[in-house]
Amino acid sequence: QVHLVESGGGLVQAGGSVRLSCAASGSIFTINNMGWGRQAPGKQRELVASISRGGSTDYADSVKGRFTISRDNAKNTVYLQMDSLKPEDTGDYYCNAVVVTTARSIVSSWGQGTQVTVSS
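On a predicted model such as this, the values are computed, not experimentally measured, just so you know.

1. Looking at the state of the cysteines
Step number 1: Counted under the stated rule, the structure contains one disulfide.
Step number 2: Between the sulfur of cysteine 22 and that of cysteine 95 lies a disulfide, 2.1 Å long from S to S. Here cysteine 22 and cysteine 95 share a disulfide; its torsion about the S-S bond, -80°, makes the bridge left-handed. Taken as a pair, cysteine 22 in strand S3 (residues 18-26) and cysteine 95 in strand S9 (residues 91-101) lie far apart in primary sequence, 73 residues in all.
Step number 3: On the basis of relative accessibility, which here comes to 0%, the residue cysteine 95 falls in the buried class.

2. Concerning the nonpolar core
Step number 1: Counting residues in each nonpolar core, the largest one holds 29 residues, and the members touching the most others are Leu20, Trp36, Ile69, Val78, Leu80, Met82 and Tyr93.
Step number 2: Only strand S1 (2-7), S3, strand S4 (28-39), strand S5 (46-51), strand S7 (67-72), strand S8 (77-82), S9 and strand S11 (114-119) provide two or more residues apiece to this core.
Step number 3: In this structure, tyrosine 93 is in contact with Glu6, Leu20, Trp36, Gly37, Arg38, Phe67, Leu80, Met82, Gly113, Thr114 and Val116, ignoring residues within four places of it in sequence.

3. So, the packing of aromatic side chains
Step number 1: On inspection of all chains with the given rule, the structure shows zero aromatic pairs.
Step number 2: The ring centre of tryptophan 110 lies 4.6 Å from the NZ or CZ of arginine 45, which sits over that ring.
Step number 3: The ring of phenylalanine 29 has arginine 104 sitting right over it, with the charged end atom 3.6 Å from the ring centre.

4. Focus: the side chain of serine 52
Step number 1: If you trace the backbone, serine 52 turns up in the loop between S5 and strand S6 (57-59).
Step number 2: Given a relative accessible area of 19%, serine 52 falls into the buried group.
Step number 3: Residue contacts for serine 52: discarding those within four places in its chain leaves Asn32, Asn33 and Arg71.

5. Re the pairing of S4
Step number 1: Here S4 runs beside S9; their pairing, made up of nine bridges, is antiparallel. Of the residues in S9, the one forming a bridge with isoleucine 31 is valine 99.
Step number 2: Where S4 folds back on S5, the antiparallel hairpin that results is connected by six residues, among which glycine 42 adopts a positive phi of roughly 75°.

6. Digging into the sheet that holds S7
Step number 1: Reading across the sheet, the four strands line up as S1-S3-S8-S7 and stay open at both edges, with antiparallel pairing between neighbours. One side of each edge strand has no neighbouring strand; the edge strands of this open sheet are S1 and S7. Neighbour-to-neighbour, the strand axes of this sheet turn through a mean angle of 15°, independent of strand direction.
Step number 2: Pairing of S3 with S8 involves six bridges; the strand directions are antiparallel.

Rules and cut-offs
- Residues numbered from 1 in each chain as written.
- Predicted model: local features only at pLDDT ≥ 70, side-chain atom pairs only at ≥ 80, totals over all residues.
- Heavy atoms only, no water.
- Disulfide = S-S within 2.5 Å.
- Helix = DSSP H or I, 4+ residues; strand = E, 2+ residues; numbered from the N terminus.
- Buried < 20%, exposed > 50% of the residue type's maximum accessible area, 1.4 Å probe, protein only.
- Core = buried A, V, L, I, M, F, W, Y, C linked by side-chain atoms within 4.5 Å.
- Contact = heavy atoms within 4.5 Å.
- Phe/Tyr/Trp six-rings, centres within 6.5 Å; stacked < 30°, edge-to-face > 60°.
- Lys NZ or Arg CZ within 6 Å of the ring centre and 35° of its normal.
- Pairing = 2+ DSSP bridges.
- Axes fitted to C-alpha atoms, helices over the stretch in contact; angles between N-to-C directions.

This is the structure in structure tokens:
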């Protein structure tokens, strides 16, 4: 019903920047919160940034001041600008969206993920 497709991952040197994008499509009436989760090798997935439909943001302590989440409601797209990257930011990044479908049900969907590798 709802599909999320991430893009923008890759290999970057420590101190560098990467911008991730995630576009939602499908049976969407509206999208409430959107966010980005990160799963480092051998660890559980953690939510690193989220944004409400109105633009209120929240960040994990580990990324505050370095990552910026934004969204374009007209395009059903969320972005994650990652600056001053550290090797510990390495992992698979997953987009999340809490969607009100055209059937008026509420679903929390995750994308397939995009890999970010930060070399030291």
